[in-house]
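Below are the chains, spelled out letter by letter.
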Amino acid sequence: MQPLPGFRDFLPNDCAARNYIFARWRDVARRYGFVEWDGPLLEPTDLYRKKSGAEIVDQLFNFIDKGEREVALRPELTPTLARVIAAHEREFKKPLKWFSIGQFFRYEKQQRGRLREHFQLNCDIVGEAALATDIELIALGIDILRAFGFTEKDFVVRISDREFWTELLRSKNVSTDRWDELLQVIDKSEREPRAKTIEKLGNLADPVFAILGEGGKSEKLEQIVDGLHTRGLSDYVDVDVRIVRGLAYYTGVVFEVFDRAGKLRAIAGGGRYDNLIEQLSDGAISMPALGFAMGDVVLGELINETPRARDAMKEAIAAEHKIDVYIVIAKEQRRADALAQIQQLRDRGYRVNYPLTAEKVGKQFQTAEDLGASLALLYGDEWPQVKVKNLTTREESLIAHQGLPDNVAKFFNVTASA
Ligand code: HAM
């Protein structure tokens, strides 16, 4: 039996890499004053039908539940966020800075960088329209990737403004019913043959390609670049009007993050969606909002392809997985004594491992090395003393078994401050 196409098993190494990614996501989001929240994995299908746009609706994992409700596994978090904010808005001081880490499901064709489940970090700021907020959010996206050891040589944030495109559609009197479809064509134009895009755009093709050719200039985007320059982060961004975003609800500044080499799919994407909360609450609550999501799949690929980031991950995982103490049971008669002390050491919070059945001493020391233990404690002929071996310096000493946990604590205090 295989997992379903596009679904992953997470073996211990994969889980370690996932936890490493989550830890950095969480750490940097908190540095920016974001607090964590989450929503349900299953939502009414209508939530996405109304708000996310046709592309995502085609990709829903949806079904009818036993209560005859149309439901879908969440493909993204933003509609849930808008629903939650509309319901609980009064309980929080604005602006809200919320982040969330969770799994999402899209019935996409499995390909490099695209699976049918993935994890996302979502960071959103709600209740503030000032451009300073867009700058803060983009800076956060950059700093998250810097925390993995990436530099401006590894990735770029391509920023754009949907208003370039919505103004064009308005000036050409295109009915708003068609906006979503046309914006998606422009969004995909980079990946599609030009002839196909021209065919889909019809008489809009010329003005669209004219804007793409000019590269698009706007004061708003210049201010964003300046704001990032003040923080020393402007080398990480390029203004690029080709970024439109596939989701229907964006209203203003939008951005996507790519690897500099241009080999991979987007690492992250987001932007402003100032009308979504109002639309979802049927006009009851109106609040500006913006955010982005970063996925674990493309990020994982980029980490593995970038030596600095890959080594940083390996080192962090090795440090995280190290155990503190390995107990070598050299004489089976001492097993009960050893177990009593293992219990004491674990109660104090040390990571302790030992052989569950009788094993040769040499093999036990090998296991201690493999597990990255700092200390080995040997229970054998020396009893009532215990032989302590520092596995880094190879120094050995004998200590009395009474008070052994205190001696172990002293050892770790010394090495921690050294
Ligand atoms: P999105 O661009 O659809 O945006 O997804 C964000 C990121 O999730 C992508 O850049 C990509 O890394 C990852 N991702 C998306 N689909 C897949 C997939 N099938 N397999 C692997 N990774 C994937 C959103 O979802 C918006 N809701 C983001 C947002 C938050 N906007 C405002 N706030």
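Residues numbered from 1 in each chain as written. Predicted model: local features only at pLDDT ≥ 70, side-chain atom pairs only at ≥ 80, totals over all residues. Heavy atoms only, no water.

Undergrad: Would you explain the pattern of salt bridges in this entry?
TA: A side chain with one charge can pair with a side chain of the opposite charge if their charged atoms come near. Overall, the coordinates contain 39 salt bridges when judged by the stated rule. Across the salt bridge formed by Glu-305 and Lys-263, the nearest N and O atoms sit 3.4 Å from each other. In this pair, Glu-305 is assigned in helix H12 (residues 296–305) and Lys-263 in the loop between strand E9 (253–259) and strand E10 (268–272), connecting sequence segments 42 residues apart. A network of salt bridges, in which partner residues are shared, links Arg-112, Lys-263, Glu-301 and Glu-305. (Salt bridge = Lys/Arg side-chain N within 4 Å of Asp/Glu carboxyl O. Helix = DSSP H or I, 4+ residues; strand = E, 2+ residues; numbered from the N terminus.)

Undergrad: Is there a simple way to explain the site of the ligand in this structure?
TA: Taken together, 26 residues lie near the ligand, and Glu-76, Thr-78, Glu-108, Asp-124 and Tyr-250 sit nearest. Contact distances for the ligand include 3.0 Å between a nitrogen atom and a side-chain N or O atom of Tyr-249. In the environment of the ligand, a nitrogen atom lies 3.5 Å from a nitrogen or oxygen atom belonging to the backbone of Phe-292. For the ligand, the protein covers 97% of the area, taking 650 Å² as the surface of the free molecule. (Near = heavy atom within 4 Å. Polar contact = N/O pair within 3.5 Å; in protein donor to acceptor, adjacent residues only side chain to side chain. Areas by Shrake-Rupley, 256 points an atom, 1.4 Å probe, with all protein chains shown as cover.)

Undergrad: Teacher, can you tell me more about the pairing of strand E7 (residues 155–161) here?
TA: The side chains of a regular strand alternate, first on one face of the sheet and then on the other. The buried fraction of E7 is high, at 7 of 7 residues. Residues Phe-155, Val-157, Ile-159 and Asp-161 of E7 are buried on one face, and the alternating residues Val-156, Arg-158 and Ser-160, pointing to the opposite face, are buried as well. Relative to E9, E7 runs antiparallel, the two being bridged by 7 bridges. From the neighbouring strand, Ser-160 faces E9, where its bridge partner is Val-254. As judged from the 3 bridges shared by E7 and strand E8 (residues 237–239), these two strands associate in the parallel manner. Counterpart to Arg-158 in the pairing with E8 is Asp-238. (Buried < 20%, exposed > 50% of the residue type's maximum accessible area, 1.4 Å probe, protein only. Pairing = 2+ DSSP bridges.)

Undergrad: Teacher, can you tell me more about the side chain of Asn-390 here?
TA: Tracing the backbone through its elements, the reader meets Asn-390 in strand E15 (residues 385–390). Its relative accessible area of 11% is what places Asn-390 among the buried residues. Excluding anything up to four places from it in sequence, Asn-390 contacts Ser-374, Leu-375, Glu-395 and Phe-411. (Contact = heavy atoms within 4.5 Å.)

Undergrad: What am I meant to see in unusual backbone geometry here?
TA: The bulk of non-glycine residues show a negative phi, and the bulk of peptide bonds are trans. Across the junction of Lys-94 and Pro-95, the peptide omega takes the value -5°, indicating a cis bond. Position of Pro-95 among the secondary structure elements: in the loop between helix H4 (78–88) and strand E5 (96–105). Omega for the peptide link from Trp-383 to Pro-384 comes to 10°, which places this bond in the cis form. Along the chain, Pro-384 falls in the loop between strand E14 (375–379) and E15. Despite not being glycine, Glu-68 has its phi angle at roughly 65°, a positive value. Examined against the element boundaries, Glu-68 turns out to sit in the loop between strand E3 (62–64) and strand E4 (70–73). We classify Glu-68 as exposed; its relative accessible area is 65%. Positive phi, close to 70°, is recorded for Arg-394, a residue that is not glycine. Mapped onto the secondary structure, Arg-394 falls in the loop between E15 and strand E16 (396–400). Judged by relative accessible area, which is 43%, Arg-394 ranks as partly exposed.

Undergrad: How should I be thinking about the sheet that holds strand E6 (residues 117–126) in this particular structure?
TA: Strands pair in a sheet through their backbones, by hydrogen bonds, and they do so in one of two ways: parallel or antiparallel. With mixed pairing, 8 strands are arranged side by side in an open sheet as E1-E5-E6-E11-E10-E9-E7-E8. The open sheet has two edge strands with one neighbour each: strand E1 (35–36) and E8. Relative to E6, E5 is paired through 10 bridges, and the arrangement is antiparallel. Bridge pairing in E6 links Gly-102 to Gln-120. Strands in contact with helix H6 (residues 162–171) are E7 and E9; relative to E7, the strand with the most contacts, it is inclined by about 30°. Packing against the sheet, H12 makes contact with E6, E9 and strand E11 (289–295), and its axis sits at approximately 55° to E11. (Axes fitted to C-alpha atoms, helices over the stretch in contact; angles between N-to-C directions.)

Undergrad: Would you explain the packing of H6 against helix H9 (residues 205–214) in this entry?
TA: Think of two packed helices as two axes; the pair is described by the angle between the axes and how far apart they sit. Contact geometry of H6 with H9 gives a least axis separation of 11 Å together with a crossing angle of 155°. Between H6 and H9, the angle is such that the two are roughly antiparallel. In terms of crossing hand, the pair formed by H6 and H9 is right-handed. For the pair H6 and H9, contact is made by Phe-164, Trp-165 and Leu-168 and by Pro-207, Val-208, Ile-211 and Leu-212, respectively. A class-by-class count of the residues in the contact of H6 with H9 yields 7 nonpolar, no polar and no charged. (Parallel < 35°, antiparallel > 145°, perpendicular 65-115°, else oblique. Left-handed = near helix turned anticlockwise from the far one by under 90°. Nonpolar A, V, L, I, M, F, W, Y, C, P; charged D, E, K, R; others polar.)

Undergrad: Mind showing me how you'd approach the nonpolar core here?
TA: Among soluble globular proteins, nonpolar side chains are generally buried collectively. Core analysis: the biggest nonpolar cluster contains 71 residues, and Trp-25, Trp-165 and Leu-299 have the highest contact counts within it. When residues of this core are assigned to their parent elements, the largest contribution, 9 residues, is made by helix H5 (residues 131–146). When near neighbours in sequence (up to four residues on either side) are disregarded, Trp-25 contacts Ile-101, Phe-119, Gln-120, Leu-121, Ile-144, Phe-148, Met-294, Gly-295, Asp-296 and Leu-299. Of all hydrophobic cores here, the second largest spans 29 residues; its members include Tyr-48, Leu-81, Ala-86 and Tyr-273. (Core = buried A, V, L, I, M, F, W, Y, C linked by side-chain atoms within 4.5 Å.)

Undergrad: Even after reading the chapter, I still don't get the environment of Ile-211, so can you show me in this structure?
TA: Relative to the helices and strands, Ile-211 is located in helix H9. Spatially, the C-alpha atoms of Ile-211 and Gly-270 are 21 Å apart, while their sequence positions differ by 59 residues.

Undergrad: Which parts of the structure should I look at to understand the packing of aromatic side chains?
TA: In the structure shown here, the tally under the stated rule is 17 aromatic pairs. For the cation-ring pair, Arg-74 lies above Phe-104, with the distance from its terminal atom to the ring centre recorded as 4.4 Å. Taking the ring centre of Phe-258 as reference, the NZ or CZ of Arg-158 above it sits at 4.8 Å. (Phe/Tyr/Trp six-rings, centres within 6.5 Å; stacked < 30°, edge-to-face > 60°. Lys NZ or Arg CZ within 6 Å of the ring centre and 35° of its normal.)

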